[in-house]
Amino acid sequence: MNSKNAAQTLRFVRRGQTVALGNVAPDRTLLEVLREDLQLTATKEGCGEGDCGACTVVLAQAVNGKLQYQAINSCIRLAHSVDGMAVFTAEDLSAPTLKAGASPDLHPCQEALVQCHGSQCGFCTPGFVMSLFGMYQNNQNGQAISREQAQVDLSGNLCRCTGYRPILDAAEKMGSLPLPAGCGVDEAATVAALKALKPKQNGDESYLRPTSLAALLQARSAHPRAQVVAGCTDVGLWVTKLHQRFERVLDVTAARELQRVETYPHHIAIGAAVSLTDAFAALVKERPQLKTFSQRFAGLPVRNSGTLGGNVANGSPIGDAMPLLIALGASVVLMRWKKTAAGGEIAHRELRLEDLYTGYRTNVMRSDELLCWIKVPRPTGHGLEKVYKISKRFDDDISAVCLAIQMTLKDSTVQQVSIGAGGVAATPARARRTEAALLGQPWNADTVMAAAAALRTEFQPISDMRASAAYRLTVLGNLLRRFWLESQGLQHINLENLTASDLEATA
């Protein structure tokens with residue numbers, strides 16, 4: 001690596017003070033910096049892929065003078081991506097003691113785990129503490145955290161020996177515990193320190209993080225071979241598992257224009273820098289039925305880091321967002337910097353999402369193009385929409401099969417239908433032959449049976465560790481039949497609506 005490129009300083013705020021580290025390589029992870037450079041070893045390395053949550057830390061940014069907190073996986077987050085942010089680790093929560101041999105005062109999220117016996121071997125505990133800390137800060141000092149919210153927010157943290165009951169007890173209890181002096185966050189000092197960190201002006205550096213769309217596209221034009229990243233939730237695995245090295249990285253997340261969700265009369269536009277958490281919140285606001293599906297997309301720390309734009313550009317055939325977006329009729333906006341006599345301008349083109357992909361993790365984007373926006377049509381209010389995810393674990397797992405359906409009926413006849421499928425082809429795909437089998441047909445059991453048969457023959461999935469090809473094909477047809485049953489009012493077959501009385505009635 002060019003020594004000039006390697007000499008890049010990383011700056012962030014910790015305990016209200018600025019930390020500056022020189023010569024941080026562009027592909028170095030935040031976990032490596034914390035443990036190896038700063039000796040903050042309470043943050044643990046577990047799976048190295050964002051699955052177990054032992055590496056969880058909390059990031060904070062100042063928005064309108066107040067801090068917003070997000071728990072993230074430090075093992076797959078590139079260190080330079082947190083430049084200009086505040087970083088909280090498990091070492092930063094308890095108040096230091098002034099007496100030799102005395103135990104420090106614990107933060108309520110730590111004290112609650114102690115009182116509820118929420119730790120045995122202790123390896124996962126720092127990660128749980130930090131996820132609890134993020135909940136505490138975002139919920140008025142832990143007030144009114146329900147067990148249901150705790151289950152969702154802790155879904156990215158795995159415990160292999162304690163069990164989740166005492167940890168969930170701690171989440172509910174921490175809001176009732178006192179906050180000892182020295183344990184709270186000095187928000188004023190942290191905000192002031194963040195303001196003092198002026199955005200860096202990217203030059204010939206190894207980690208480029210432009211703050212405007214024009215600068216981002218110009219950097220892409222100048223460095224077409226740079227590795228593009230957003231939340232690093234997949235690229236981070238290329239570093240930790242495949243041991244890849246990147247001479248130069250281009251980070252899209254600081255571009256102000258791409259950090260927004262914009263609402264228009266007929267669609268919403270989600271910028272490529274919008275986190276999965278915020279992108280799904282925008283989708284769920286318009287389509288409340290997507291809430292459970294959005295919570296099953298990885299764990300909260302991954303959703304806080306990853307972006308919807310990154311998920312789409314990545315193009316994984318088992319990426320959960322794409323089948324849904326395909327069914328909803330989403331399109332993508334690709335942008336590049338076009339040189340002109342006057343200097344240059346932004347050029348763009350728009351295409352349907354399913355037309356983006358050409359093969360396994362390949363697409364039609366030019367080397368100087370970036371995926372900048374995802375446009376999702378707004379619901380009309382009179383159609384049927386549903387998305388199904390089948391995986392071995394309910395939480396924090398990758399799909400074996402994903403099927404999303406949007407349908408409009410008129411006089412009990414299928415007037416419009418679009419179907420997106422994942423996990424059954426080399427790319428996320430649209431089930432066009434199945435749509436043709438449904439379009440214009442009466443919405444009845446015979447039509448559904450014929451369409452299910454067509455759906456089972458439309459793709460040629462592979463067998464892997466998640467499912468066999470035969471299983472995937474069988475499930476595809478079954479999900480279409482399930483959609484039919486639910487459209488006829490049979491709702492208790494869905495886990496979201498299943499109650500204890502339903503189970504008793506079938507016993």
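Asks: Explain the pattern of salt bridges to me, please; I cannot follow it from the model alone.
Replies: In a structure, side chains of opposite charge can pair up when their charged atoms sit close to one another. In the structure shown here, the tally under the stated rule is 26 salt bridges. The partner of Arg165 in a salt bridge is Asp169, and the shortest N-O contact between them spans 2.8 Å. Here Arg165 and its partner Asp169 are both found in helix α6 (residues 164-173), four residues apart, which amounts to about one turn of the helix. Assessed through its relative accessible area of 54%, Arg165 is described here as exposed. Asp169 gets classed as partly exposed once you look at its relative accessible area, which sits at 23%. The salt bridge involving Glu286 is made with Arg378; its shortest N-O contact spans 2.7 Å. With Glu286 in helix α10 (residues 276-286) and Arg378 in the loop between β15 (370-377) and β16 (384-390), this residue pair connects regions lying 92 residues apart in the sequence.

Asks: I keep staring at α6 and nothing clicks. Help me out?
Replies: Owing to its 3.6 residues per turn, the α-helix brings residues three or four apart onto one side. Listed in full, the buried residues belonging to α6 are Pro166, Ile167, Leu168, Ala170 and Ala171. Of the surrounding secondary structure, the elements contacted by the buried residues of α6 are α3 (108-115), α4 (125-138) and α5 (147-153).

Asks: Honestly, the sheet that holds strand β17 (residues 401-410) in this entry has me stumped. Any pointers?
Replies: Whenever strands of a sheet pair, they do so through backbone hydrogen bonds, lying parallel or antiparallel. The strand order across the open sheet formed by four strands is β16-β17-β18-β19, and the pairing between neighbours is antiparallel. Each having just a single partner strand, β16 and β19 (429-430) make up the two edges of the open sheet. Where β17 lies against strand β18 (residues 413-422), nine bridges are found, and the strand directions are antiparallel. In the sheet register, Leu403 faces β18, and the bridge partner there is Ala421. Packing of helix α17 (residues 469-487) onto the sheet brings it into contact with β16 and β17, and relative to β16 it is tilted by some 145°.

Calculation notes
Throughout this document, residue positions are counted from 1 along each chain, in the order its sequence is written. Local features are withheld for residues below a pLDDT of 70 in this predicted model, meaning they are given only at 70 or higher, and side-chain atom pairs are given and counted only at 80 or more; totals for whole chains, interfaces and linings count all residues. To get the side-chain values, all heavy atoms of the structure are used, and hydrogens and water are removed first. Any Lys or Arg side-chain nitrogen located within 4 Å of an Asp or Glu carboxyl oxygen qualifies as a salt bridge. Comment: elements are numbered from the N terminus, with helices defined as DSSP H or I runs of at least four residues and strands as E runs of at least two. Burial status follows relative accessibility: with a 1.4 Å probe on protein chains alone, a residue under 20% of its type maximum counts as buried, one over 50% as exposed, and anything between as partly exposed. Should any heavy atoms of two residues lie within 4.5 Å, those residues are counted as being in contact. Paired strands are those between which DSSP finds at least two bridges. Here an angle of 0 to 180 degrees is reported between the N-to-C directions of two axes, which are lines fitted to C-alpha atoms, with helices fitted over the stretch in contact.

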